[in-house]
Amino acid sequence: SLDFLDDVRRMNKRQLYYQVLNFGMIVSSALMIWKGLMVVTGSESPIVVVLSGSMEPAFHRGDLLFLTNRIEDPIRVGEIVVFRIEGREIPIVHRVLKIHEKQNGDIKFLTKGDNNAVDDRGLYKQGQHWLEKKDVVGRARGFVPYIGIVTILMNDYPKFKYAVLFLLGLFVLVHRE
Amino acid sequence: RKNVEDFTGPRERSDLGFVTFDITADILNGKNGLQNFWNKNTLIIFDWNVKQLFLYLSAEYSTKNNALNQVVLWDKIMLRGDNPRLSLKDMKSKYFFFDDGNGLKGNRNITLTLSWNVVPNAGILPLVTGSGHVSVPFPDTYETTKSY
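The shown structure was predicted, so the numbers you read here are calculated from the model rather than taken from an experiment.

1. Section: the overall build of chain A
On a plain count of helices and strands, chain A comes out with three helices and seven strands. Relative to its length of 177 residues, chain A is extended, with a C-alpha radius of gyration of 23 Å against a globular reference of 16 Å. Overall, the C-alpha framework of chain A stretches about 80 × 35 × 30 Å when taken along its three principal axes. Out of the 177 residues belonging to chain A, those deemed buried represent 35%. When contacts within chain A are restricted to residue pairs at least 6 apart in sequence, long-range pairs at least 24 apart make up 53% of them. In the form shown here, chain A has an accessible surface area of approximately 11400 Å², with 64% of it arising from carbon and sulfur atoms. Taking the average place of the 24 positive charges on the side chains of chain A and the average place of its 20 negative ones, the gap between the two points comes to 2 Å.

Take a look at the structure:
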């Protein structure tokens, strides 16, 4: 009977390794899809969540935006760009109001939120009057409303984040059984 | 038409242009000749998936300093359900028309175009340019006095 128990223990270990590998594969696939999206769109962050109401009524907090950042697409007025201000982490989603482009393609531009009364010069870094291509994370090409609210909730309420992760973990375990 | 210190930007003197304009557009009927992204056969722009249009009037021109300049002079949000016919007269630009330098003086070819961004309930965000644009020349001298 001791041999039998050894067998069972060995089988469980093998099952465990199998689960871990399976899980690892799911995570790697997800990462590969994300990296693939980054390559296809040319953007370091192909999907972003709208964090403020400065583009209402078009976009609201929690809407999800799909970005591209292809060099062949020139920046033109009216486009919705997602950009980062030097030294700040949070990306901003606003519309291009003004562009000045040189013969060689160097461009400087000004942005403004649809829902803001003034342009973004006040938001830029001290002494910075224009945005440049390097500040751009991507151009908004499509969007889906509401879905991003989950990430905002997870950010603002860490308890919610743990709850979600816990439930996800539970689901994976229960499902495999 | 005036050479004024651009108080909103870098502290150098730049040309500031004053433009007044009329806009007549019939968006619903697509008289601006555009291809609607969702219904290529009909000319209905405000269909079930269009939440709003973000309209903007932009001025495009070339200067010695910059091969391409685009400045939004005026914009408007048109929600589904709003009157789709625009008939605006004698409008002043909503935003200051500052050039990056002194390229407006004597510039004979400033093109004004009406475009719009279609914002769907969900999906792709196309930018459309209306057909029909206007060329505006700026005079060779600055105005010294102006009641605006």
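Moving on, there is more to tell.
2. Structural notes on the pairing of strand S4 (residues 50-61) of chain B
Residues and elements named next belong to chain B. Here S4 lies mainly inside the structure; ten of its twelve residues are buried. In terms of strand pairing, S4 meets strand S8 (residues 110-120) through ten bridges, oriented antiparallel. Residue pairing across strands places Ala-59 opposite Leu-112, the latter belonging to S8.

3. Let's talk about the side chain of Glu-79 of chain A
For Glu-79 of chain A, the position within the fold is in the loop between strand S2 (64-68) and strand S3 (80-83). Assessed through its relative accessible area of 9%, Glu-79 of chain A is described here as buried. Residues in contact with Glu-79 of chain A, not counting those within four places in the same chain, are Pro-74, His-94, Arg-95, Val-96, Arg-139 and Arg-141 of chain A together with Leu-127 of chain B.

4. A short note on the domain arrangement of chain A
All names here are of chain A. Domain annotation for chain A reports domain 1 (1-41), domain 2 (47-145) and domain 3 (146-176). Measuring from the centre of the C-alpha atoms in domain 1 to the corresponding centre in domain 2 gives 41 Å. Tallying the contact residues gives four residues for domain 1 and five residues for domain 2. For the pair domain 1 and domain 2, the summed buried surface comes to about 310 Å²; carbon and sulfur atoms form 52% of the total. Broken down residue by residue, the surface that domain 1 buries against domain 2 is led by Trp-34, Val-40 and Thr-41, which jointly contribute 91%. Of the residues assigned to the side of domain 1 that touches domain 2, the class counts are three nonpolar, one polar and no charged.

5. Focus: the interface of chain B and chain A
Each partner contributes residues to the interface: chain B has 33 residues there, and chain A has 31 residues. When residues of chain B are sorted by the area they lose upon contact with chain A, Leu-68, Gln-70 and Leu-125 of chain B head the list and together hold 23% of the total. The interface formed by chain B and chain A holds one salt bridge in total. Our count for the contact surface shared by chain B and chain A stands at 16 residue pairs in polar contact (both at pLDDT 80 or more). If one sorts the elements of the side of chain B that touches chain A by residue count, strand S5 (residues 68-79) of chain B sits on top with seven residues. Across the side of chain B that touches chain A, the residue classes break down as 19 nonpolar, eleven polar and three charged. Bridge analysis of strand S4 (residues 92-101) of chain A against S5 of chain B gives four bridges, and the strand direction is antiparallel. Bridging across to S5 of chain B, Ile-99 of chain A finds its partner in Gln-70 of chain B.

6. Looking at the nonpolar core
Most often, soluble globular proteins keep nonpolar side chains buried together rather than apart. In terms of nonpolar packing, the biggest core is built from 21 residues, with Phe-83, Val-96, Ile-99 and Phe-109 of chain A touching the most fellow members. Elements that contribute at least two residues to this core include exactly S3, S4 and strand S5 (107-112) of chain A together with S4 and S5 of chain B. Take this core: its biggest share by element is four residues, from S4 of chain A. Leave out the neighbours within four places in its chain, and Phe-83 of chain A touches Ile-90, Pro-91, Ile-92, His-94, Thr-111, Asp-120, Tyr-124, Leu-131, Asp-135, Val-136 and Val-137 of chain A. Judged by nonpolar contacts, the second largest core, of 15 residues, contains Met-55, Ala-58, Leu-65 and Ile-80 of chain A.

7. What to know about unusual backbone geometry
Note that the residue after Glu-56 of chain A, namely Pro-57 of chain A, is joined by a cis bond; omega there is 0°. Within the secondary structure layout, Pro-57 of chain A lies in the loop between strand S1 (47-49) and S2.

8. Some remarks on the UniProt feature "transmembrane region" (unreviewed entry) in chain A
UniProt records the feature "transmembrane region" (unreviewed entry) for residues 16-34 of chain A in the present numbering. Between the C-alpha atoms that bound residues 16-34 of chain A the distance is 27 Å, and the span itself is 100% helix and 0% strand.

9. Overview of the environment of Ile-26 of chain A
Here Ile-26 of chain A lies in helix H1 (residues 2-41). Along the backbone, Ile-26 of chain A and Ile-152 of chain A are 126 residues apart, and their C-alpha atoms lie at a distance of 24 Å.

10. Overview of the packing of aromatic side chains
Following the criterion strictly, the structure yields four aromatic pairs over all chains and no others. For the ring pair Phe-54 of chain B and Tyr-56 of chain B, a centre distance of 6.3 Å and an interplane angle of 40° mean the geometry is tilted. When sorted by exposure, Phe-54 of chain B lands in the same class as Tyr-56 of chain B, which is buried. Against the face of Phe-54 of chain B rests Arg-95 of chain A, its NZ or CZ located 3.7 Å from the ring centre. Above the plane of the ring of Trp-130 of chain A lies Arg-121 of chain A, whose end atom (NZ or CZ) is 4.6 Å from the centre.

Calculation notes
Residues numbered from 1 in each chain as written. Chains lettered and ligands numbered in written order. Predicted model: local features only at pLDDT ≥ 70, side-chain atom pairs only at ≥ 80, totals over all residues. Heavy atoms only, no water. Helix = DSSP H or I, 4+ residues; strand = E, 2+ residues; numbered from the N terminus. Rg over C-alpha atoms; globule rule 2.2 N^0.38 Å. Buried < 20%, exposed > 50% of the residue type's maximum accessible area, 1.4 Å probe, protein only. Contact = heavy atoms within 4.5 Å. Areas by Shrake-Rupley, 256 points an atom, 1.4 Å probe, with all protein chains shown as cover. Lys, Arg positive; Asp, Glu negative; His and termini not counted. Charge placed at Lys NZ, Arg CZ, Asp CG, Glu CD. Pairing = 2+ DSSP bridges. Domains from an automatic or database assignment. Buried area = accessible area lost by both parts, 1.4 Å probe. Nonpolar A, V, L, I, M, F, W, Y, C, P; charged D, E, K, R; others polar. Salt bridge = Lys/Arg side-chain N within 4 Å of Asp/Glu carboxyl O. Polar contact = N/O pair within 3.5 Å; in protein donor to acceptor, adjacent residues only side chain to side chain. Core = buried A, V, L, I, M, F, W, Y, C linked by side-chain atoms within 4.5 Å. UniProt positions renumbered as here; feature names shortened; annotations may be inferred. Phe/Tyr/Trp six-rings, centres within 6.5 Å; stacked < 30°, edge-to-face > 60°. Lys NZ or Arg CZ within 6 Å of the ring centre and 35° of its normal.

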